[in-house]
Amino acid sequence: VQLQAFGGGLVQAGGSLRLSCAASGRTFSNYAMGWFRQAPGKEREFVAAISWNGDNTYYSDSVKGRFTISRDNAKNTVYLQMNSLKPEDTASYYCAADSYFRAVVAGGMDIDYWGKGTQVTVSS
């Protein structure tokens, strides 16, 4: 699976952005999907995950209630709606795919597929 994330940018604190991740190469609906982020000087951290059919979602405590992950299997795309953005949300955001939802939630580096990041910068 090839993954391409886009939609990042510069936004003021309190604003919103929607990230998209387009998948190609294999059957998208076979995979759980997730979003991760990495800020300069910090380790990559889990943000959100969604099961193959969208029935199950999971969020990190830091984004719960502000971010929403969703997917459109007909468009081979997963989304991350980010509201009430904070300066500490500034990071490069990555999408990932794995056959197992629990693997995405665990966020290990053995996840099947990773996309390149898209930068999100939140100004105060």
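Residues numbered from 1 in each chain as written. Predicted model: local features only at pLDDT ≥ 70, side-chain atom pairs only at ≥ 80, totals over all residues. Heavy atoms only, no water.

(A) Structural view of the state of the cysteines. Taken as a whole, this structure holds one disulfide when the rule is applied. Across the disulfide from Cys 21 sits Cys 95; the S-S distance is 2.0 Å. Across the S-S bond linking Cys 21 and Cys 95, the dihedral sits near 60°, which makes this disulfide right-handed. You can see Cys 21 sitting in strand 3 (residues 17–24) and its partner Cys 95 sitting in strand 9 (residues 91–98), a full 74 residues away along the chain. There is no split in this pair, since Cys 21 and Cys 95 are both buried. (Disulfide = S-S within 2.5 Å. Helix = DSSP H or I, 4+ residues; strand = E, 2+ residues; numbered from the N terminus. Buried < 20%, exposed > 50% of the residue type's maximum accessible area, 1.4 Å probe, protein only.)

(B) Geometry of the side chain of Arg 71. Structurally, Arg 71 can be placed in strand 7 (residues 67–72). With no salt bridge to any partner, buried Arg 71 finds its closest opposite charge in Asp 72, at an N-O distance of 8.2 Å. Of note is the side chain of Arg 71, whose polar atom sits 2.7 Å from the side chain of Asn 73. Non-local contacts of Arg 71, meaning those with residues more than four positions away in its chain, are made with Phe 28, Ser 29, Tyr 31, Ala 32, Met 33, Ile 50, Ser 51, Trp 52, Gly 54, Thr 77, Val 78 and Tyr 79. (Lys, Arg positive; Asp, Glu negative; His and termini not counted. Salt bridge = Lys/Arg side-chain N within 4 Å of Asp/Glu carboxyl O. Polar contact = N/O pair within 3.5 Å; in protein donor to acceptor, adjacent residues only side chain to side chain. Contact = heavy atoms within 4.5 Å.)

(C) Fine view of the pattern of salt bridges. For the coordinates displayed, the defined rule picks out four salt bridges. The residue Arg 37 makes a salt bridge to Asp 89 at a minimum N-O spacing of 2.9 Å. One end of the pair, Arg 37, is in strand 4 (residues 32–38); the other, Asp 89, is in the loop between strand 8 (77–82) and strand 9, with 52 residues separating them in the sequence. Here Arg 66 makes a salt bridge to Asp 89, at a shortest N to O gap of 2.7 Å. Here the residue Arg 66 occupies a position in the loop between strand 6 (57–59) and strand 7, and Asp 89 occupies one in the loop between strand 8 and strand 9, the gap between them amounting to 23 residues. Across the pair, exposure class does not vary: Arg 66 and Asp 89 are buried alike. Residues participating in the shared-partner salt-bridge network are Arg 37, Glu 45, Arg 66 and Asp 89.

(D) Molecular detail of the nonpolar core. Grouped together as the largest cluster of nonpolar side chains are 30 residues, with contacts concentrated most on Met 33, Trp 35, Leu 80, Met 82 and Tyr 93. Formed by seven residues, the second largest nonpolar core is a distinct cluster that contains Phe 36, Ala 49, Ala 96 and Val 104. (Core = buried A, V, L, I, M, F, W, Y, C linked by side-chain atoms within 4.5 Å.)

(E) Examining the packing of aromatic side chains more closely. Per the counting criterion, the structure on display carries four aromatic pairs. Arranged with centres 5.8 Å apart and planes meeting at 80°, the rings of Tyr 31 and Tyr 113 form a pair that is edge-to-face. Here Tyr 113 lies in strand 10 (residues 113–114) and Tyr 31 lies in the loop between strand 3 and strand 4, a separation of 82 residues in the sequence. Its relative accessible area of 8% is what places Tyr 31 among the buried residues. Taking relative accessible area as the criterion, Tyr 113 reaches 21% and is therefore assigned partly exposed. Their ring planes at 75° and their centres at 5.6 Å tell us that Phe 36 and Phe 46 sit as a pair that is edge-to-face. Here Phe 46 lies in strand 5 (residues 45–50) and Phe 36 lies in strand 4, a separation of ten residues in the sequence. (Phe/Tyr/Trp six-rings, centres within 6.5 Å; stacked < 30°, edge-to-face > 60°.)

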